[in-house]
Amino acid sequence: MRIWGLTGGIGMGKSTAALVLRRRNVPVFDADATVHALQARGGRAVAPIGHAFPGSIRDGAVDREALRRAVFGNPAALRRLERIVHPLVRAEERRFLAAARRRGRPLAVLDIPLLFETGGERRCDAVLVVSAPAPEQRKRVLRRPGMTPERLAAILARQTPDRLRRARADHLIRTGLSRHNTRRQILALLDHHAFPETR
């Protein structure tokens, strides 16, 4: 089974790309959704986060806004949070890949925003990077509820710059034009590699 990484900065179009892949019968591991599940009621990250960040738990789940305030602008706190969350996400990723192998899937995709930042590309046979022009990225992200320019700046500061991410890509998916154009690029890539079961 081949493993592709899917990554890109916030607002660059990962969700659209992942949806195209899923619709072509490609299993996609969503790291962000996994983090949300781990921090929800009953999630395995709730207790250790509550211990490390008192006041961050509400009604049995992580209060994401309280946690965000606890780590915002505090690199040491952010590293402490990552030491809790990243190993749990990796364990879920291993389960996902094992299940895909058992089902005989020819390709699985790891949708991980911080793929390069966490060394995740070493676990992949190839990396797809989604990229859009910076003004388009900013416009998309600032439309999100609760997003501010300051918060966007803090997120971008943690992420590999787009130009460096593009330079490290095995396959670049340009998402600045339209969803149809993004879809066409991804389908062409799948067809080029002639993966069975993705038609």
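Rules used in this analysis
- Residues numbered from 1 in each chain as written.
- Predicted model: local features only at pLDDT ≥ 70, side-chain atom pairs only at ≥ 80, totals over all residues.
- Heavy atoms only, no water.
- Helix = DSSP H or I, 4+ residues; strand = E, 2+ residues; numbered from the N terminus.
- Buried < 20%, exposed > 50% of the residue type's maximum accessible area, 1.4 Å probe, protein only.
- Contact = heavy atoms within 4.5 Å.
- Areas by Shrake-Rupley, 256 points an atom, 1.4 Å probe, with all protein chains shown as cover.
- Salt bridge = Lys/Arg side-chain N within 4 Å of Asp/Glu carboxyl O.
- Pairing = 2+ DSSP bridges.
- Axes fitted to C-alpha atoms, helices over the stretch in contact; angles between N-to-C directions.
- Core = buried A, V, L, I, M, F, W, Y, C linked by side-chain atoms within 4.5 Å.

A. Geometry of the overall build of the protein. The helix and strand inventory of the protein stands at 9 helices and 7 strands. Here the C-alpha coordinates of the protein stretch approximately 50 × 40 × 25 Å along the principal axes. Taken over 199 residues, the protein has a buried fraction of 47%. Counting contacts in the protein only where the partners sit at least 6 residues apart, residues at least 24 apart contribute 70% of the total. When the accessible surface of the protein is totalled, it reaches about 10700 Å², and 53% of it is carbon and sulfur.

B. Quick look at the pattern of salt bridges. In the structure shown here, the tally under the stated rule is 13 salt bridges. When the shortest N-O distance is used, the salt bridge between Glu136 and Lys139 registers 3.3 Å. A residue pair is termed a helical-turn pair when its members lie 3 or 4 positions apart in one helix, as Glu136 and Lys139 do in helix α6 (residues 134-142) at 3 residues. In this structure, the salt-bridge partner of Arg166 is Asp162, at a minimum N-O distance of 2.8 Å. In this pair, Arg166 and Asp162 are both assigned in helix α8 (residues 162-167), 4 residues apart and thus about one turn of the helix distant. Overall, Asp162 belongs to the buried group, its relative accessible area being 17%. Among the ionic contacts, a cluster of salt bridges with common partners joins Arg44, Glu92 and Arg95.

C. Fine view of the sheet that holds strand β7 (residues 171-174). Pairing in this open sheet of 5 strands is parallel, and the strands run β2-β5-β1-β6-β7 from one edge to the other. Either end of the sheet is taken by a strand with one partner, and the two such strands are β2 (28-30) and β7. Taking the axes of each pair of neighbouring strands and ignoring which way they run, one obtains an average angle of 20° across the sheet. As paired elements, strand β1 (residues 2-7) and strand β6 (residues 126-131) share 4 bridges and run parallel to each other. The residue of β6 that forms the bridge with Gly5 is Val127. Packing of helix α1 (residues 14-23) onto the sheet brings it into contact with β1, β2, β5 (107-111) and β6, and relative to β1 it is tilted by some 150°.

D. Region of interest: the nonpolar core. Among the nonpolar cores identified, the biggest contains 30 residues, and Ile49 and Leu110 are the most heavily contacted of them. Every element with two or more residues in this core is listed here: α2 (31-39), α3 (46-52), α4 (64-71), α5 (75-102), β5 and β6. Ranked by residues supplied to this core, first place goes to α5 with 10 residues. Apart from residues no more than four positions distant in its own chain, Leu110 is found in contact with Ile3, Trp4, Gly5, Leu6, Phe29, Glu93, Phe96, Leu97 and Cys124. Ala18, Val109, Ile186 and Leu190 belong to the second-largest nonpolar core, a separate cluster that totals 20 residues.

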